[in-house]
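The chain contents come next:
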Amino acid sequence: MDDPILTIEEREAINTGRWFSSLSPSLRHDILRCAYVKRFKDGELIAARGDPPEDWIACAKGAVRVSSTSISGKQITFAYVEPGIWFGDVAIFDGDRRTHDAYAHGDSTILCVAKADFRKILASHVELYEAMLRLHARRIRQLFGLVEDLNTLPLRARLAKQLLHLVRSYGVPSLADGSEMRIGLQLAQEELAQLLGASRQRVNQELKAMEREGAIRIEPAGLMVRNREALLKISEADTP
């Protein structure tokens, strides 16, 4: 399901990504010049664990679900890659195989740079080395932050932080009330629970408590964030 051209919205998502937009115009031009577009339907496999690294990838639309499969056969989700985020470079750098599965979550578009082209760009743009170091440093900081939260914050605070992140990345203003934001990324409570390392039952209890407090509203189409300030207070209430 390939289409060689990004839509205006997809190109905007790539160009305004925090990391990509920090690159020089010439580097951005060379990356986009050799990149190609792939489109996937919801649930389609983008890359499998154990695959050799063939591409450096950016999400341009939808989301990429990064997951693994347990010994019992259960899929466990670790992260959702949002539009504007690049990934897949670690395996290209260390030469090892992919460590996780990547699936389209909703109809998704990705931008790919072949491994050979990625190396050519590195050779012609020394700037990219420093930019990749910054990107990896940010990922390490995020990883340590997640580990710290997991070990120091109660589920209620971690859930509030996750909802705030989702509304920043996928928030859609409500037509009925502009102060409310619907989380556009469709997540089942089981998927949300996996992101937090908790059971679906406990996450459901915390969501219902937040709904009673007026912070969110649980709807059939997903979650509506009614009061971001309330979520922020919850996320900071038990911070050490």
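Named according to an unreviewed UniProt entry, the chain is Crp/Fnr family transcriptional regulator originating from Caenimonas terrae.

Asks: Any chance you could explain the UniProt feature "domain: Cyclic nucleotide-binding" (unreviewed entry) in the chain here in plain terms?
Replies: This chain's UniProt record puts "domain: Cyclic nucleotide-binding" (unreviewed entry) on residues 19-139. Annotated as 33% helix and 34% strand, the span residues 19-139 places its first and last C-alpha atoms 12 Å apart.

Asks: Please explain the environment of Leu-128 as it appears in this structure.
Replies: Within the element layout of this structure, Leu-128 appears in helix H5 (residues 126-152). Taking C-alpha positions, Leu-128 is 9.9 Å from Arg-28, a pair spaced 100 residues apart along the chain. Leu-128 has contacts with Trp-19, Leu-27, Phe-118, Ile-121 and Leu-122, leaving out every residue within four places of it along the chain.

Asks: Help me understand the pattern of salt bridges in this model?
Replies: Pairing between side chains becomes possible if they bear opposite charge and their charged atoms approach one another. Enumeration according to the criterion identifies 10 salt bridges in this entry. The closest approach of N and O atoms between Asp-89 and Arg-139, which form a salt bridge, is 2.9 Å. Residue Asp-89 is located in helix H3 (residues 89-94), and its partner Arg-139 is located in helix H5; the two are separated by 50 residues in the primary sequence. Put simply, Glu-180, Arg-217, Glu-219 and Arg-226 are held in one network by salt bridges that share partners.

Asks: Help me understand the packing of helix H6 (residues 155-170) against helix H9 (residues 228-237) in this model?
Replies: Helix-helix packing is described using two parameters, namely the angle between the two axes and the distance between the axes. As a packed pair, H6 and H9 sit with axes 7 Å apart at the nearest point and diverge in direction by 140°. Judged on the interaxial angle alone, H9 and H6 are oblique. Of the two possible hands of crossing, H6 and H9 adopt the one that is left-handed. Along its contact with H6, which presents Arg-156, Ala-157, Ala-160, Lys-161, Leu-163, Leu-164 and Val-167, the element H9 presents Arg-228, Leu-231, Leu-232, Ile-234 and Ser-235. Per-class residue counts for the contact of H6 with H9 are eight nonpolar, one polar and three charged.

Asks: I would appreciate a short explanation of the nonpolar core in the present structure.
Replies: Generally speaking, soluble globular proteins have nonpolar side chains that are buried together. In this structure, Leu-163, Leu-192, Met-210 and Leu-231 are the most contacted members of the largest nonpolar core, which totals 26 residues. Looking at this core, the elements with two or more residues in it are H6, strand E10 (181-183), helix H7 (189-196), helix H8 (200-212), strand E12 (222-225) and H9. When residues of this core are assigned to their parent elements, the largest contribution, eight residues, is made by H6. Not counting residues up to four positions away in its chain, the partners in contact with Leu-231 are Ala-160, Leu-163, Leu-164, Met-210, Ala-215, Ile-216 and Val-225. Counting 24 residues, the second largest nonpolar core, distinct from the first, contains Leu-27, Val-37, Ala-58 and Leu-128.

Asks: Where do I start with a nonpolar patch on the surface in this structure?
Replies: Taken together, the side chains of Phe-93, Val-126 and Tyr-129 make up a nonpolar region of the molecular surface, amounting to roughly 320 Å² of accessible area. Its location among the elements puts Val-126 in helix H5.

Asks: I keep staring at H6 and nothing clicks. Help me out?
Replies: Helix length check: H6 (16 residues) gives 22 Å between terminal C-alpha atoms against 22 Å at 1.5 Å per residue, within 8%. For H6, the full list of buried residues reads Leu-155, Ala-157, Arg-158, Leu-159, Ala-160, Gln-162, Leu-163, Leu-164, Leu-166, Val-167 and Tyr-170.

Asks: Just checking my understanding: could you explain the side chain of Asp-55 for this structure?
Replies: The topology assignment puts Asp-55 in strand E3 (residues 55-61). Buried Asp-55, no salt bridge; nearest opposite-charge side chain is Arg-98, N-O distance 5.8 Å. A polar atom in the side chain of Asp-55 sits 2.7 Å from the side chain of Tyr-36. If we skip the residues at most four places from it in the chain, Asp-55 touches Tyr-36, Gly-88, Ile-92, Arg-98, Cys-112, Val-113, Ala-114 and Lys-115.

Asks: Explanation requested: the sheet that holds strand E7 (residues 101-104) in the structure shown.
Replies: Two orientations exist for strands paired in a sheet by backbone hydrogen bonds: parallel and antiparallel. The strand order E2-E7-E4-E5 describes an open sheet built from four strands, whose pairing is antiparallel. Looking at the sheet topology across the chains shown, the edges are occupied by strand E2 (45-47) and strand E5 (75-81). In this sheet, adjacent strand axes meet at a mean angle of 35° when their direction is disregarded. Strand direction decides the pairing type here: strand E4 (residues 64-69) and E5, joined by six bridges, are antiparallel. Each residue of the ladder has a partner; that of Val-66, found in E5, is Ala-79.

Asks: I keep staring at the pairing of E7 and nothing clicks. Help me out?
Replies: Every other side chain in a regular strand lies on the same face of the sheet, so the side chains alternate between the two faces. Where burial is concerned, the two faces of E7 agree: the one with Asp-101 and Tyr-103 and the one with Ala-102 and Ala-104 are both buried. Sheet topology places E2 next to E7; two bridges connect them, and they run antiparallel. Residue pairing across strands places Ala-47 opposite Ala-102, the latter belonging to E7. When E4 meets E7, the two strands line up antiparallel, connected through four bridges.

Rules used in this analysis
Residues numbered from 1 in each chain as written. Predicted model: local features only at pLDDT ≥ 70, side-chain atom pairs only at ≥ 80, totals over all residues. Heavy atoms only, no water. UniProt positions renumbered as here; feature names shortened; annotations may be inferred. Helix = DSSP H or I, 4+ residues; strand = E, 2+ residues; numbered from the N terminus. Contact = heavy atoms within 4.5 Å. Salt bridge = Lys/Arg side-chain N within 4 Å of Asp/Glu carboxyl O. Axes fitted to C-alpha atoms, helices over the stretch in contact; angles between N-to-C directions. Parallel < 35°, antiparallel > 145°, perpendicular 65-115°, else oblique. Left-handed = near helix turned anticlockwise from the far one by under 90°. Nonpolar A, V, L, I, M, F, W, Y, C, P; charged D, E, K, R; others polar. Core = buried A, V, L, I, M, F, W, Y, C linked by side-chain atoms within 4.5 Å. Buried < 20%, exposed > 50% of the residue type's maximum accessible area, 1.4 Å probe, protein only. Patch = residues over 30% accessible without salt bridge, like charges linked within 9 Å, V, L, I, M, F, W, Y side chains within 5 Å. Areas by Shrake-Rupley, 256 points an atom, 1.4 Å probe, with all protein chains shown as cover. Expected span 1.5 Å × (residues − 1). Lys, Arg positive; Asp, Glu negative; His and termini not counted. Polar contact = N/O pair within 3.5 Å; in protein donor to acceptor, adjacent residues only side chain to side chain. Pairing = 2+ DSSP bridges.

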